[in-house]
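Each chain, written out:
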Amino acid sequence: MISRIPVTSARSLPEAYALLEKPPPGLRVLAGGTDLMVQLQARVGLERIGHVLDIWGLRELRFVDRAEGLLRLGALATYGDLRDSPLVRERLPALAELSREVGARAIQSRGTLGGNVCNASPAGDTLPLLIAAGASFVVGGPRGERRIAADQFFVAYRRTALAPDELFLRAELPELAPHERLVYRKVGTRRAQSISRTLLALRGGALGGRLAGVRVAAGGVAPVPLRCRLAEAALEGRPVDALAVAAARAALEGEIRPISDLRGSADYRREVTGNLLARLLPELAG
Amino acid sequence: MVIPAPPGKMGPVPLPAPELLVGQSPPRLDGLDKLLGRARYLDDLTFEGQLWGRTVRSTVAHARIVLIDFDPSYDWSGVTRVTARDIPGENVVQLIDDDQPCLAWDVIRHFDEPVALLACADREKLEEALRHVRVEVEPLPAVLDPAASTQVFKHYRYEREAGRLAEAFARAHRVVEGSYRVRHQEQLYLEPNAVCAVPRADGGILLHGSMQCPFYVQRALKRLLALDDERVAVVQTVTGGGFGGKEEYPSMIACHAALLARAAGRPVKIVYGRGEDLASTTKRHPGVVSHRTAVAADGTLLGGEIDVLFDGGAYSTLSPVVLSRGAIHAPGAYRWPACRVDARAVATNTPPNGAFRGFGAPQTLFAVELHMDRIARELGLDPLDLRRRNALRPGDRTATGQELRESVSALEVLEAVAERSGWASGRAQPKGDGPKRRGLGLSLVLHGAGFTGSGEVKLKARAGVELTPTGCRVLAASTEIGQGTITIFAQLVADALGLPLGAIEVAAPDTSRVPDSGPTVASRTCMVVGGTLEGAARALHRRLAAYAAEVYGGDAERIACVGGTFREGARAIATFEEVARRQLADRGPLVIVEQYSHPPGIEWDDDEFRGDAYPVYAWAATAVEVEVDLDSYETRVLRVVTAQDVGKAIHPLLCVGQIEGGTVQALGYALMEEVVHRDGRVANDRLQSYLIPTALDAPPIETILVENRYPHGPRGAKGVGELPMDGPAPAVAAAVLDATGALVPELPITPDRLRAALKLGAAPTASLGETPLGAAE
Ligand SMILES: Cc1cc2nc3c(=O)[nH]c(=O)nc-3n(C[C@H](O)[C@H](O)[C@H](O)COP(=O)(O)OP(=O)(O)OC[C@H]3O[C@@H](n4cnc5c(N)ncnc54)[C@H](O)[C@@H]3O)c2cc1C
């Protein structure tokens, strides 16, 4: 019964850590609640929830700043924060733009980056962007902090590298070099309040007419948000020409593992993800 | 935007009282309460000692019930339990064929079918108790594909000059064939189904609920509970939308609440969650419509054969009448020198399908309209010219042999849309050569106003007015479900009485207080009930004028109430209020109830399926411009231009609201709305996966109101409620065809379906039984 689940609302990180010292059985973290409350309503895993740790009030986790060439995004930064932040808009416009596309205004005011990451849905919209950007995640708990590369964080379908006594604290994104870009395209089910059918994010640039530092990540086409290393390998050091695009596309379509579900067929997802790659690549070079 | 039709076409109708409020758009009578959150929906009401009710549902599509087991080890105290055994009357939800049980007893015929009921004061205990009921079954083979069904609920066949069909096909320049498929659509009213049954001391039931048709519910309760009229009262509460979804289903949930309330001796409230509502209530009928058409080289239709197959679901419910409207609209807004329509509704082991805005017409009109575009393409003709050539004109006969006499506006709406949409230049524009392609499509539809065939004649709808000291009270069973019923009733009655709007009250529909005006469906509320009310108001006016003449002197024939004062010519006699108060004191209450009757000369033959299927038709043409993204196969609607002849817009703003809302709902039908079944169970029973358009998906809509008055409607009004649902889907499909060259013969046009059609290259055809209707992709 939902009303009988005990809730601890932490007012500071140490207070949250105190509870995590000996996590009660079935502990779940609550940030904005836009995933968790939906799951509760649908009774998904309700019986496994024994205690809720509400971190929404932890001001120290709600920030966007810049330090040592890194853009740092706090776990509780909402889509609204990312959408409106001058820093994000200047340094990583793709993330601001994506945040404007997530859900609709109400969700943007409440949904957090940390929630998107820890919910670990293969269709979580920020995840391919974070992976393509080369982000690392800083997680912490009573035993201290550690850093995990974004592309190592999602270990299996809806499973993360987070330990039961750890919180996601922030994402750190290396800044783009002047010749580099981060681009993406989301193909959802409609124009707002829409879950991705597929989402492709690319980072990289051209040096002397050849692609360099290319990273490719895709959402909604595998059990986890996927870094597409074969596609990257097919592109690195190559000029953006028809040959390279075809090779990268073949590599990408081979390494993603889409399924058929209510939102679309596997064949559709495979082809469209390839189309997105072909469409987005010239933007890296240009 | 509202553009009045050119004068001359409107044919002024002589009226005894001027139109002062009619044709204006005063604030909705229910608007402020809804805006301020003061309107109290069923779930906002608390009843003394109330329990909550829940439904135990089947988890299999077809099975024999072996045992309904209430876990003996569970503590059932405080929980009321009901099964079919506890039904005092007949275990049936009364409708047409009466084949649907209120609670399944021996056989389960669809997933999520009600089997038992529980009530409890504590909602959490109730949820827990629900998990302690086990329905033991012996599974039976389930029929999920209507093409494989052997149980036919209804079969209609009708013909026009069938003897000439063979000849038409023999001399045709071309014979064009095509099959078109549509899927389940959910009404998705904002407020899910909700009722509360209150047991009465006399053994009767007082039922409050969100509904369209209080008298349907009352009849169902009487039959189930074996009670007479006096002991069953049904009151409509503020209703958050219906779209047909609250035509027949509220009878079911009302029966459940009433059984629980009688068993518990306390009020029982049942409020569905969205998931339960999506999974178990009625949907728009899915179907397949096939056309075989003989055409001349210039595009003239020579003859056609049309085959309609609707999936009724597990029980017949409203399928016979949905099918008849579907069958009558199947030939579309065109002249057919010879034509044969064969229409069947069959049973499958899926939740029953039922009423939904348009009621069978959107399905068959989608088919005939897209078929017109197929013909135009095969013949190399402009789809607009093809429609111009074949559109019905005044004096023409429809496929049921009905001569169209009045208010026939096919060409008028078509030309209005052609012009405002920039058809010629829009079609000539390059489609684009990058990933984005543009296209323009068109549709022309008609929609029969009021009940089909002899429906109104059998119904004998009644409505009336009651004199109050300051004006009058409208007495009708028609429900306000967000569409504006009470406001337009007040406008019509106020103008007939020469009163301001504020002098008119509208009584809440309560079966113990209002006459049976019939259900709030079939675009009949304004034309049929509004017209009857206007007649009653005029009769009241005559009575008061006569009384004023008697009391104050003067010639009753020349006395009229104008602006709240009775006058004879320029001479003011007395205010309405003075006359009303005096009349009430002198002679007691004054109630005038009138009965609707069809205008003279309307004849329908049920057996032959021939004659005047409707007293009149409303007409609409719709142009849609789309942009298709060939990278993602997404279709975006850029704009809609639509011209709709509603006879007379009593309240133009509400009328445009109906058209815009219906258009967006129809765009959802065209592009994304689809209830997906897996093994007979609704797989997308949440708003995350059952998609409707958001505000960002809604394009700019330009509405042209055409007012070609219908002489027998109130102030010339026909119906508007369903009309806007008919045209947009085929116009979208035609625009996609124009943009990409791919004819997608199936709704909704999802990216997957468009991709499949493009891969097939040539215009593909959905064949019967290719995949079961509603099969998951
Ligand atoms: C209407 C609607 C539209 C949506 N649209 C989109 C969309 O377009 N794109 C998209 O990607 N998502 C969408 N979502 C999903 C959701 O809004 C996002 O995933 C959001 O980022 C979740 O953040 P939250 O703070 O609300 O998470 P919560 O619901 O609070 O938590 C989600 C999960 O993460 C865990 N968690 C949260 N924060 C932490 C932390 N700091 N440390 C450890 N664990 C943590 C929780 O325990 C829980 O398991 C939508 C949801 C809704 C209801």
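Predicted model only: the values in this text are computed from it and were never measured.

Helices and strands together make up the secondary structure of chain B, namely 19 helices and 30 strands. Here chain B has a C-alpha radius of gyration of 27 Å; the compact-globule value for 777 residues is 28 Å, and the two agree. Overall, the C-alpha framework of chain B stretches about 80 × 80 × 50 Å when taken along its three principal axes. Every one of the 777 residues in chain B was classed for burial, and the buried ones make up 64%. Residue pairs in contact within chain B that sit at least 24 positions apart in sequence constitute 81% of those at least 6 positions apart. Working note: accessible area of chain B is about 26800 Å², and carbon and sulfur atoms make up 50% of it. Averaged over its 83 positive side-chain charges, chain B has a centre that lies 2 Å from the centre of its 98 negative ones.

This part covers the site of the ligand. All names here are of chain A. By nearness alone, 31 residues border the ligand, and Val29, Thr34, Asp35, Tyr79 and Thr112 come closest of all. Within the backbone of Gly103, an N or O atom sits 2.9 Å from an oxygen atom of the ligand. When grouped by side-chain class, the residues that make up the shell around the ligand number 14 nonpolar, 13 polar and four charged.

Residues and elements named next belong to chain B. Partitioning chain B into structural domains gives domain 1 (2-39 + 461-596) and domain 2 (44-143 + 189-280). For domain 1 and domain 2, the distance between their C-alpha centres works out to 38 Å. Counting from both sides, the interface comprises 17 residues of domain 1 and, opposite them, 19 residues of domain 2. Taken together, both faces of the contact between domain 1 and domain 2 bury some 1400 Å²; the carbon and sulfur share is 60%. Across the domain 1-domain 2 interface, the total number found is one salt bridge. Between Arg219 and Asp516 there is a salt bridge, and its shortest N-O distance comes to 3.4 Å. On inspection of domain 1 and its partner domain 2, the count reaches six residue pairs in polar contact (both at pLDDT 80 or more). Across the side of domain 1 that touches domain 2, the residue classes tally to eight nonpolar, five polar and four charged.

With 28 residues of chain A in contact, the opposing surface of chain B contributes 29 residues. Together chain A and chain B conceal approximately 2500 Å² of surface at their shared face, both sides included; 48% is due to carbon and sulfur atoms. The tally of links between chain A and chain B comes to six salt bridges. B:Glu634 serves as the salt-bridge partner of A:Arg185, at 3.3 Å between the closest nitrogen and oxygen.

All names here are of chain A. Spatially, three strands are ordered β1-β3-β2 in an open sheet, and the strand pairing comes out parallel. Each having just a single partner strand, β1 (7-9) and β2 (27-30) make up the two edges of the open sheet. Looking at each pair of strands side by side, their axes are set apart by 20° on average, direction ignored. One ladder, built from three bridges, connects β1 with strand β3 (residues 51-54); its direction is parallel. Within the sheet, the bridge partner assigned to Val7 lies in β3 and is Val52. Across the face of the sheet, helix α1 (residues 13-21) comes into contact with β1, β2 and β3 while running at roughly 160° to β3.

The rules behind these values
- In this convention, every chain numbers its residues from 1, walking through the sequence in written order.
- The naming scheme follows written order: chains are lettered A onward, ligands numbered 1 onward.
- Given that this is a predicted model, residues contribute local features only at a pLDDT of at least 70 and side-chain atom pairs are listed and counted only at 80 or more, while totals for whole chains, interfaces and linings are drawn from all residues.
- Heavy atoms throughout the structure, all of them, feed into the side-chain values; hydrogens and water do not.
- Counting from the N terminus, the helices are the DSSP runs of H or I reaching at least four residues and the strands are the DSSP runs of E reaching at least two.
- Values of the radius of gyration come from C-alpha atoms, whereas the globule rule sets the reference at 2.2 Å times the count of residues to the power 0.38.
- Each residue's exposure class comes from its accessible area (1.4 Å probe, protein chains only) as a fraction of the maximum for that residue type: buried when under 20%, exposed when over 50%, partly exposed otherwise.
- Two residues form a contact once any of their heavy atoms are found within 4.5 Å.
- Exposure was quantified through the Shrake-Rupley algorithm and a 1.4 Å probe, taking into account, for residues, occlusion by the shown protein chains and nothing else.
- In summary, the charge assignment counts Lys and Arg as positive and Asp and Glu as negative, without counting His or the chain termini.
- In this description, the location of a charge corresponds to atom NZ of lysine, CZ of arginine, CG of aspartate or CD of glutamate.
- Nearness of a residue to a molecule or strand requires only that one of the residue's heavy atoms be within 4 Å of it.
- Definition of a polar contact: a pair of N or O atoms within 3.5 Å, with one able to donate and the other able to accept a hydrogen when the atoms are protein atoms, and with sequence-neighbouring residues admitted only if both atoms are side-chain atoms.
- Asp, Glu, Lys and Arg are counted as charged, while Ala, Val, Leu, Ile, Met, Phe, Trp, Tyr, Cys and Pro are counted as nonpolar; the rest, among them Gly, fall into the polar class.
- Residue ranges for the domains trace back to a domain assignment, done automatically or taken from a database.
- Summed over both partners, buried area is the accessible surface (1.4 Å probe) that two parts give up on being assembled.
- Note on definitions: salt bridges are taken to be side-chain nitrogens of Lys or Arg within 4 Å of carboxyl oxygens of Asp or Glu.
- In short, DSSP must find at least two bridges between two strands for them to pair.
- Here an axis means a line fitted to C-alpha atoms, over the contact stretch when the element is a helix, while the angle between two N-to-C directions is reported on a 0 to 180 degree scale.

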